[in-house]
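# An overview of the molecular structure
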Amino acid sequence: MSPAIVTLEQHLLAALDPAPSETRRLFHGRGRCWPGLEQITVDWLDGVLLVALFREPPEGQLAELEAMLRALAERPQWTGQAMLLQHRYLPDSPGQWLLGEPCQQREVVEDGLRYLLDLGVRQNNGLFLDMRYGRRWVREQAAGKRVLNLFAYTCGFSVAAIAGGAEQVVNLDMAKSALSRGRDNHRLNGHDASRVAYLGHELFKSWGKVRKYGPYDLIIIDPPTFQRGSFVLTQDYAKILRRLPELLHEGGTVLACVNDPGIGPQFLIDGMAEQAPGLAFVERLANPPEFADADPEGGLKALVFRQQP
């Protein structure tokens, strides 16, 4: 085996001895800490090992990777049921099952909360594991609060907020299928459906609907870097920030996020100072240790701002 694949094997053997009791990232090559493995991530999805390739591997590496993974299943550290290799660099991100029965959905647990994921049928499975501490922070902050969750996707923040005692959560995302999965996630956790609202709209055409449910005590902004025809982070984030004062309750809090490795936290700090100067920067949330990055500015940025009296 090449040195890179040997390194990956050693990481996985250590990470699976014992296997995590909840869903976790086991290897984060995209953090650029391990040369030759920058295109690979490995997640433990409560018994399913998901290996994602974000670029076509160098010549010969794919065969080595597959052989190493099949051999891993024979090691005493392996206690899983299935292995899935997903080719994220190909159209439709096809999945290749190396071990176990193919299954398109998997129920997983994070911090005691349940989420339903899609496996090998679309680019993203439904839960961004690097935001684990962000969801935990929201759960800790949510008691008695009215929460607005922008770019809600499958409503992970909403699940955490309701679990933390939020009075009401409003989820907005233009992808109605993602919001439908959000409903599934709330049902999995036995949450009171009357405390959760879903707005399947494009944000910049829906400020009136968003305001109707406000004002909010906590607003979460976790946008994609680019969404064709609707959102370009470097151009459109400012349009959201300038609306925050009219949406927030007095003393309200904002969790603003960026997950583009080329954009540092100062982008948000400067943008907030310009567009909503009444909101002061409080802290940047730590990222989970399994998401180590060669550049501290390159990983997920989750920044807390609070409205000043």
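See the structure printed just above.
Residues numbered from 1 in each chain as written. Predicted model: local features only at pLDDT ≥ 70, side-chain atom pairs only at ≥ 80, totals over all residues. Heavy atoms only, no water.

### Details of the pairing of strand S9 (residues 168–172)
Basically, it comes down to this: Only protein chains enter the accessibility calculation, which uses a 1.4 Å probe; a residue is then buried when its area is under 20% of its type maximum, exposed when over 50%, and partly exposed in between. A helix here means a DSSP run of H or I that spans at least four residues, while a strand means a run of E at least two residues long, and both kinds are numbered starting from the N terminus. Strands were regarded as paired on the criterion that DSSP finds at least two bridges between them.
Buried residues dominate S9, accounting for five of its five residues. Burial along S9 is two-sided: Gln168, Val170 and Leu172 facing one way and Val169 and Asn171 facing the other are all buried. Pairing geometry for strand S8 (residues 146–150) and S9, over five bridges, is parallel. Of the residues in S9, the one forming a bridge with arginine 146 is glutamine 168.

### So, the packing of helix H7 (residues 233–241) against helix H9 (residues 266–275)
Where we set the bar: Every axis corresponds to a line fitted to the C-alpha atoms, with the helix fit spanning only the stretch in contact, and the corresponding angles, defined between N-to-C directions, vary from 0 to 180 degrees. Here the angle decides the label: under 35 degrees means roughly parallel, over 145 means roughly antiparallel, 65 to 115 means roughly perpendicular, and every other value means oblique. By convention the crossing between two helices is left-handed if the near helix lies anticlockwise of the far one by an angle smaller than a right angle, and right-handed if it lies clockwise. We call two residues contacting when some pair of their heavy atoms lies within 4.5 Å. Throughout this entry, Asp, Glu, Lys and Arg are counted as charged residues, while Ala, Val, Leu, Ile, Met, Phe, Trp, Tyr, Cys and Pro are counted as nonpolar. The remaining residues, Gly among them, count as polar.
Put simply, H7 and H9 touch, their axes get as near as 9 Å, and they point 45° apart. It follows from the interaxial angle that H7 and H9 lie oblique. Crossing geometry of H7 relative to H9 is assigned as right-handed. Here Leu233, Thr234, Tyr237, Ala238 and Leu241 of H7 lie close against H9, whose contacting residues are Phe267, Leu268, Gly271, Met272 and Gln275. Here the residues of the contact of H7 with H9 sort into seven nonpolar, three polar and no charged.

### With respect to H7
Note the threshold: To obtain the arc, one takes the directions from the helix axis to the C-beta atoms.
Among all positions in H7, only Leu233, Asp236, Tyr237, Ile240 and Leu241 are buried. Seen along its axis, H7 keeps its buried residues to an arc of 155°; they face one direction.

### Regarding the packing of aromatic side chains
For the record, the criterion: Each aromatic pair joins two rings of Phe, Tyr and Trp (for Trp, the six-membered one) with centres within 6.5 Å, and gets the label stacked for planes under 30 degrees apart, edge-to-face for over 60, and tilted for any other angle. Throughout this description, the term charge over a ring refers to an Arg CZ or Lys NZ atom that lies within 6 Å of the ring centre and within 35 degrees of the ring normal.
All told, the structure shown has nine aromatic pairs when counted by the stated rule. In textbook terms, an aromatic cluster arises when at least three aromatic residues are bridged by ring pairs, as seen for Phe151, Phe204, Trp207, Phe231, Tyr237 and Phe267. Across the ring face of phenylalanine 54, the terminal group of arginine 30 is positioned such that the distance to the ring centre comes to 3.9 Å.

### Brief notes about the sheet that holds strand S4 (residues 82–87)
In spatial order, the strands read S1-S2-S3-S4-S5; together these five strands make up an open sheet with mixed pairing. Unpaired on one side and paired on the other, strand S1 (24–28) and strand S5 (95–99) mark the two borders of the sheet. Here the average twist between neighbouring strands, direction ignored, is 20°. Along the sheet, helix H1 (residues 3–15) makes contact with S1 and strand S2 (40–45), crossing S1 at roughly 160°.

### Regarding H1
Condition: Multiplying one less than the number of residues by 1.5 Å gives the expected span of a helix.
The first and last C-alpha atoms of H1 sit 18 Å apart over 13 residues, in line with the 18 Å expected at 1.5 Å per residue. For H1, every residue scored as buried is listed here: Ala4, Ile5, Leu8, Glu9, Leu12 and Leu13. Residues of H1 that are buried make contact with S1, S2 and helix H2 (61–72).

### Observations regarding the nonpolar core
Definition in use: Note on terminology: a nonpolar core comprises buried Ala, Val, Leu, Ile, Met, Phe, Trp, Tyr and Cys residues joined through side-chain atoms within 4.5 Å.
Grouped together as the largest cluster of nonpolar side chains are 31 residues, with contacts concentrated most on Leu150, Ile219, Ile221, Tyr237 and Val254. If we skip the residues at most four places from it in the chain, isoleucine 219 touches Leu148, Leu150, Leu244, Leu247, Leu248, Thr253, Val254 and Leu255. Counting residues in each nonpolar core, the second largest holds 24 residues, with Leu8, Leu49, Leu53 and Trp78 among its members.

### Brief notes about the packing of H1 against H2
Across the interface, H1 lies against H2 with an axial gap of 10 Å and an inter-helix angle of 25°. Relative to H2, H1 is oriented roughly parallel. Crossing of H1 against H2: the hand is right-handed. Across the interface between the two elements, Ala4, Ile5, Leu8, Glu9, Leu12 and Leu13 of H1 pack against Gln61, Glu64, Leu65, Met68, Leu69 and Leu72 of H2.

These figures come from the coordinates and say nothing about function on their own.
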